[in-house]
Amino acid sequence: MKPLLVSISVIATVVTLMPEAEAQRCCYGYRVRYYRVHPHYNVVRRAPSPPRWALGLHLTGMSTDQMLDDEAVILGGIGGHLRYRSYRWGAELAIDGVGGEFVDGHVSRVSVPIQASGLLYLVPEGVFNLYLIGGMRVVPTIIRWNYPNLQTDQEFAEFGFHGGIGADLNLGHHFALTADMRFFGVMRADSEPAGSYYA
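Okay, so let's go over this structure. Nothing here was measured: the structure is a model prediction, and the numbers come from that model.

Observations regarding the pattern of salt bridges
Line of reasoning, step 1. Taken as a whole and assessed by the stated rule, the structure comprises six salt bridges.
Line of reasoning, step 2. In this structure, Glu 92 engages Arg 83 in a salt bridge whose closest nitrogen and oxygen atoms are separated by 2.6 Å. In this structure, Glu 92 and Arg 83 share a single accessibility class: buried.
Line of reasoning, step 3. Put simply, Arg 144 and Asp 153 hold a salt bridge, and the shortest N to O gap is 3.0 Å.
Line of reasoning, step 4. The class of Arg 144 is partly exposed, set by a relative accessible area of 47%.
Line of reasoning, step 5. Overall, the relative accessible area of 41% leaves Asp 153 in the partly exposed class.

See below:
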């Protein structure tokens, strides 16, 4: 009995070390099972993470509640921003230059909003990030009146607050598209230059 067990063990060892074709020729008449283990790879694709510091350009449109001869005052322009971001919070400093002409070119306005904002990311991960934004602003403004009987420039600055909602679309580790909508309010008195302009 012992020699038979030793023989079977030797045959099993030899079959294990032999190639498949050699083992089949060697062990004809025996049932031999072959187990092949194939490696399995899990590929994890991570969404691009936004940069911690970002410097960008943006287009700006600003609408006010003012009317000049039944014409709405809507300003447009371009600006830039510097943004710092952690996982959930962020900060931004933005400067814009916006302007427009009204009343057939008789009134022109140029404003330079300077904004300091804080950001709270509601959706901080993934390709699409949603955030709330709020802060304060200073808006230096120059108004030029060009009428036959009135040609003058009026300068003033307004201080106010703003708040809104925005989103980032992260297209890579170094590039993202950003869009937001901000509602703002300014503080002024009728006795100040800004108050006399809006009166």
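There is more to say after this.
With respect to the packing of aromatic side chains
Line of reasoning, step 1. Within this structure, the stated rule accounts for three aromatic pairs.
Line of reasoning, step 2. Taking the centre distance of 5.4 Å and the plane angle of 55° together, the rings of Tyr 121 and Tyr 131 count as tilted. With Tyr 121 in strand S5 (residues 114–123) and Tyr 131 in strand S6 (residues 128–147), this residue pair connects regions lying 10 residues apart in the sequence. Here the two residues Tyr 121 and Tyr 131 agree in accessibility, since each one is buried.
Line of reasoning, step 3. Judged by centre distance (5.4 Å) and plane angle (75°), the ring pair of Phe 159 and Phe 161 falls under edge-to-face.
Line of reasoning, step 4. Over the aromatic face of Tyr 121 sits the side chain of Arg 85, whose NZ or CZ is 3.7 Å from the ring centroid.

A word on the nonpolar core
Line of reasoning, step 1. Counting residues in hydrophobic clusters, the biggest one holds 11 residues: Met 62, Leu 68, Val 73, Leu 75, Val 98, Phe 102, Val 103, Val 107, Ile 143, Trp 145 and Phe 156.
Line of reasoning, step 2. Of all the secondary structure elements, the ones that give two or more residues to this core are strand S1 (53–68), strand S2 (71–85), strand S3 (89–102) and S6.
Line of reasoning, step 3. Apart from residues no more than four positions distant in its own chain, Phe 102 is found in contact with Leu 68, Glu 71, Ala 72, Val 73, Ile 74, Leu 75, Val 107 and Arg 109.

So, the environment of His 106
Line of reasoning, step 1. Assignment of secondary structure puts His 106 in the loop between S3 and strand S4 (107–111).
Line of reasoning, step 2. Under the relative-accessibility criterion, His 106 is labelled partly exposed at 29%.
Line of reasoning, step 3. The sequence separation of His 106 and Pro 148 amounts to 42 residues, and the corresponding C-alpha distance is 9.3 Å.
Line of reasoning, step 4. Among all residues touching His 106, those that are not within four sequence positions of it are Arg 144, Trp 145, Asn 146 and Tyr 147.

Overview of the layout of surface pockets
Line of reasoning, step 1. By volume, the largest pocket amounts to about 890 Å³.
Line of reasoning, step 2. If you trace the largest pocket, you find 38 residues lining it, with His 58, His 81, Thr 178, Asp 180 and Arg 182 closest to the centre.
Line of reasoning, step 3. Counting only elements with at least two residues in the lining of the largest pocket, the list comes to S1, S2, S3, S5, strand S7 (150–172) and strand S8 (175–187).
Line of reasoning, step 4. Among the residues forming the lining of the largest pocket, the class breakdown is 19 nonpolar, 10 polar and nine charged.

What about the side chain of Gln 115?
Line of reasoning, step 1. Looking at the element boundaries, Gln 115 is found in strand S5.
Line of reasoning, step 2. We classify Gln 115 as buried; its relative accessible area is 5%.
Line of reasoning, step 3. Within the local environment of Gln 115, its side chain forms a polar contact with the side chain of Asp 96, the two groups lying 3.2 Å apart.
Line of reasoning, step 4. A distance of 2.7 Å separates polar atoms of two side chains, one belonging to Gln 115 and the other to Arg 137.

Thresholds, definitions, all that
Residues numbered from 1 in each chain as written. Predicted model: local features only at pLDDT ≥ 70, side-chain atom pairs only at ≥ 80, totals over all residues. Heavy atoms only, no water. Salt bridge = Lys/Arg side-chain N within 4 Å of Asp/Glu carboxyl O. Buried < 20%, exposed > 50% of the residue type's maximum accessible area, 1.4 Å probe, protein only. Phe/Tyr/Trp six-rings, centres within 6.5 Å; stacked < 30°, edge-to-face > 60°. Helix = DSSP H or I, 4+ residues; strand = E, 2+ residues; numbered from the N terminus. Lys NZ or Arg CZ within 6 Å of the ring centre and 35° of its normal. Core = buried A, V, L, I, M, F, W, Y, C linked by side-chain atoms within 4.5 Å. Contact = heavy atoms within 4.5 Å. 1 Å grid on protein atoms, 1.4 Å probe; cavity = no way out; pocket = protein on both sides within 12 Å on 5 of 7 lines; lining within 4 Å. Points joined across faces, edges and corners; volume = space filled by probe spheres on them. Nonpolar A, V, L, I, M, F, W, Y, C, P; charged D, E, K, R; others polar. Polar contact = N/O pair within 3.5 Å; in protein donor to acceptor, adjacent residues only side chain to side chain.

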